[in-house]
Amino acid sequence: MLRITVLGTGYVGLVSGVCFADMEHHVTCVDKDIEKITALKTGVVPIYEEGLEGLMKKSVEQERLKFSTILSESLNKSDVVMIAVGTPTSDTNSGSVNLNYINECVVEIAECLSRNILVLVKSTVPVGTCDKIQEQLNRLAKFECTVVSNPEFLREGTAVYDFIKPDRIVIGSDGRGKEIIDQLYSKFIEKGTKIIFSDRKTAELIKYASNTLLAMKIGFINEMADISEKIGADIEKLSEGIGSDKRIGNRFLTPGPGFGGSCFPKDVLALLNLIDEVKTDGQLIKAVIRSNVNRIEKISKEILESIQTKETVAVLGLTYKAGTDDIRDSPSIKVIKRLIEAGVRKIRAYDPAGMKNAEKVLDSTVEYCTDMYEACRGASLVLIATEWEIFKTIDALKLKGVMKNLNIYDLRGIIDKESFLKNNFNVRSIGYKQYVSQICPS
Ligand code: NAD
C-alpha cells in the first residue's frame, strides 16, 4: 500500500484522505489552517459531511491516518502527494482563477522534497496548469516529480459515497506514473470502475466541461419552468417526460433558484475565461451564467413586489444544497442579501447545518432559530430555499399556528402543496401554474 500526503483538508482533501486511508493506504493530511488540524487531531470533523466522521475515526485508530501542519514531515516518506487546495475565482469579470494556493503548494513541495514523487492534482485547475506545474517542478525540485491531473467529481452532501463509488476516474498524464496510479486506485480497478486515461489538458478540461454541462441543465430546466408557468404546464411532468429519455437522463432537472456552491459558478466562469483566451464563440456557455444571475434577480424582485418590507420573512435553508454546511455562492444567501438591501429588516432563518457559516457573511439583523417552526413564528412569508429532507415534512397546520400571514414560496418544489392549499395558504412553487398566486395578496 502507498504512503500519501494530501495538501488541503477541505471538502475534497479531507474526504479523499479519509477514503484512501480506508482503502488501506497510509495517509497524512496537511493543512495550513492550524485550527482545522487541531480539531482533526482531536477527532472533530470541521465540515458537515455524512459518514465522514466514522470513517475518519476508524482509520485514525488503525494508525493509517494522521494530520499535520508541516508538509516536510510526511512528504519525504510519501510515494504520492495530492494537491487539493482551493482554486477560487480571482476576477468575476474575466473568470480568471486564483492559483496562489496551488503555487504555494508547488513551491513548498519543491523546497521540501528529498525523494522522487508522484504529484497528483485533485484541485480543479485551468487547462494547462498541470503542464506548468510539471515545468516548475522540473526547474525547482532536486528530485523527479511526475505530475498527474486527477480531477475530483464528488458532490458535497454525498461526498464519501461519490468518492467510493465514482462514475469514472479521470487520469491525465504524460504517460509516466502508471504503476503508482494503478496501486493508488487498485481497489477501484478490482471493482471494475471506469478509468479514463488522457493527456493532462484533456483531463483538466473534462472537469470544467462536466460542471458546465450540469450547470447548463439546471439553467435549462429553470427556463422551462418559466415557460410552464406562463402556459399552465406542469414542470414535474415535463421533467419526467424529458428525463426519461436515456440520452438526457433525469438528474439535474428540478427547477429552483439556480446553481450555487463552490464549484459550478466558478468553473463555468473559468471555462468562459478559456473561451476568451482561445477565442472560440462560446455563446451557449456565456448564457449559462447570465441565466443564473437573472434567476436570483427574478426571485428577489418577485418577493419584494409581494411583501411589505416591515413584514417578517422566514427563510428555511441557507446552504446551496442539502447535506452540506457549505454556503459558498448559495442562492439562499444571495436572496437574503437582496431582501436586506431592499429594506427587509426582520429575517428569521433556520438551516440544519449552515447557520454557523451563514452568520459569518450575513447582516447581524438575521435571527437564527432552533428549528423550522420557530423560524416561521410571526412571519408573513416562508421561503423554502434549500431542499433539506426535514423541510419536506413541514406541517401546514402547525405552521398556520405560528405564522402571521399564510404565504409560502417553495423555491425547491418540495412541500406538500395540496395540504397547504387546504389550510388556506397562498402557495407559490416554481414552475407550477396551478399554485402560482401573488405571494402576499393585500
Ligand atoms: P476548501 O476551500 O474546502 O479547502 C481547501 C483547503 O486547503 C483549506 O482547508 C485551506 O486551508 C487549505 N490550504 C490552502 N493552501 C494550503 C497550503 N499551501 N497547504 C496546505 N493547505 C492549504 O476547498 P474544496 O472545496 O475542498 O476544493 C478544493 C479543490 O477541489 C478546488 O479546486 C475545487 O474546485 C475542487 N473540487 C471541489 C469540490 C467540492 O464539492 N467542494 C468537488 C470537486 C472538486
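Residues numbered from 1 in each chain as written. Predicted model: local features only at pLDDT ≥ 70, side-chain atom pairs only at ≥ 80, totals over all residues. Heavy atoms only, no water.

What about helix 10 (residues 200-231)?
- End to end, helix 10 covers 47 Å across 32 residues, agreeing with the expected 46 Å (1.5 Å per residue, within 8%).
- A distance of 3.1 Å separates the backbone nitrogen of Lys 201 from a side-chain oxygen at the start of helix 10, and that oxygen is part of Asp 199.
- Looking one or two places after helix 10, you find Gly 232, whose phi comes out positive at around 80°. (Helix = DSSP H or I, 4+ residues; strand = E, 2+ residues; numbered from the N terminus. Expected span 1.5 Å × (residues − 1). Polar contact = N/O pair within 3.5 Å; in protein donor to acceptor, adjacent residues only side chain to side chain.)

Description of the site of the ligand
- Neighbouring the ligand are 28 residues; Asp 31, Lys 36, Thr 87, Glu 156 and Lys 266 lie closest to it.
- Between the ligand and Thr 124, the relevant distance is 2.9 Å, taken from an oxygen atom to a main-chain nitrogen or oxygen of the residue.
- Lys 266 has a polar side-chain atom sitting 2.6 Å from an oxygen atom of the ligand.
- Summarising the interface, the protein chains cover 90% of the accessible area of the ligand, which totals 840 Å² for the free molecule.
- Top element by residues in the shell around the ligand is helix 5 (residues 100-112). It accounts for four residues.
- Grouping the constituent residues of the shell around the ligand by class yields 10 nonpolar, seven polar and 11 charged. (Near = heavy atom within 4 Å. Areas by Shrake-Rupley, 256 points an atom, 1.4 Å probe, with all protein chains shown as cover. Nonpolar A, V, L, I, M, F, W, Y, C, P; charged D, E, K, R; others polar.)

Observations regarding the domain arrangement of the protein
- Each domain of the protein was delimited in the assignment, giving domain 1 (3-198), domain 2 (208-280) and domain 3 (291-436).
- Across the boundary between the two partners, domain 1 contributes seven residues, which contact 10 residues of domain 3.
- For the domain 1 and domain 3 pair, buried surface summed over both sides reaches about 620 Å², with 40% attributable to carbon and sulfur atoms.
- Our count for the contact surface shared by domain 1 and domain 3 stands at one salt bridge.
- One salt bridge in this structure joins Arg 328 and Glu 156, with 3.9 Å as the shortest N-O distance. (Domains from an automatic or database assignment. Contact = heavy atoms within 4.5 Å. Buried area = accessible area lost by both parts, 1.4 Å probe. Salt bridge = Lys/Arg side-chain N within 4 Å of Asp/Glu carboxyl O.)

Some words on the side chain of Asp 79
- Examined against the element boundaries, Asp 79 turns out to sit in the loop between helix 4 (71-75) and strand 4 (80-83).
- Within polar-contact distance, the side chain of Asp 79 engages the backbone nitrogen of Arg 3 at 2.7 Å.
- Once you skip the residues sitting within four places of it in the chain, Asp 79 turns out to touch Leu 2, Arg 3, Arg 115, Ile 117, Leu 118 and Ile 180.

Re the pairing of strand 15 (residues 407-410)
- Alternating positions in strand 15 separate into two faces, Asn 407 and Tyr 409 on one and Ile 408 and Asp 410 on the other, with burial throughout.
- Relative to strand 15, strand 14 (residues 381-384) runs parallel, the two sharing three bridges. Paired with Leu 383 across the strands is Tyr 409, a residue of strand 15.
- In this view, the connection linking strand 15 to its parallel neighbour strand 16 (residues 426-429) by way of helix 19 (residues 417-422) has right-handed handedness. (Buried < 20%, exposed > 50% of the residue type's maximum accessible area, 1.4 Å probe, protein only. Pairing = 2+ DSSP bridges. Right-handed = clockwise from strand over helix to strand, strands pointing away.)

Let's talk about the packing of aromatic side chains
- On inspection of all chains with the given rule, the structure shows nine aromatic pairs.
- Considering the side-chain rings of Tyr 48 and Trp 388, the 6.0 Å spacing of their centres and the 70° angle between planes classify their relative orientation as edge-to-face. Here Tyr 48 is found in the loop between helix 2 (34-41) and helix 3 (52-61), whereas its partner Trp 388 is found in the loop between strand 14 and helix 17 (389-392), with 340 residues between them in sequence.
- We classify Tyr 48 as partly exposed; its relative accessible area is 35%.
- Between the aromatic rings of Phe 252 and Phe 264, the centroid separation amounts to 6.1 Å while the plane-to-plane angle is 35°, which identifies the pairing as tilted. Here Phe 264 lies in helix 12 (residues 264-278) and Phe 252 lies in the loop between helix 11 (235-243) and helix 12, a separation of 12 residues in the sequence. (Phe/Tyr/Trp six-rings, centres within 6.5 Å; stacked < 30°, edge-to-face > 60°.)

Focus on the environment of Ser 244
- Summarising the element assignment, Ser 244 is placed in the loop between helix 11 and helix 12.
- Spatially, the C-alpha atom of Ser 244 lies 30 Å from that of Glu 49, the residues being 195 residues apart in sequence.
- Engagement of the side chain of Ser 244 in a polar contact is seen with the backbone oxygen of Glu 240, the distance being 2.6 Å.

Quick look at the sheet that holds strand 12 (residues 346-350)
- The strand order across the open sheet formed by six strands is 13-12-11-14-15-16, and the pairing between neighbours is parallel. A single partner strand is all that each edge strand has here, and the edge strands are strand 13 (367-368) and strand 16.
- Where strand 11 (residues 312-316) lies against strand 14, four bridges are found, and the strand directions are parallel. Looking across to strand 14, one finds that Val 313 is bridged to Leu 381.
- Strand contacts of helix 13 (residues 283-306): strand 14, strand 15 and strand 16, with the helix running at about 175° to strand 15, the strand carrying the most contacts. (Axes fitted to C-alpha atoms, helices over the stretch in contact; angles between N-to-C directions.)

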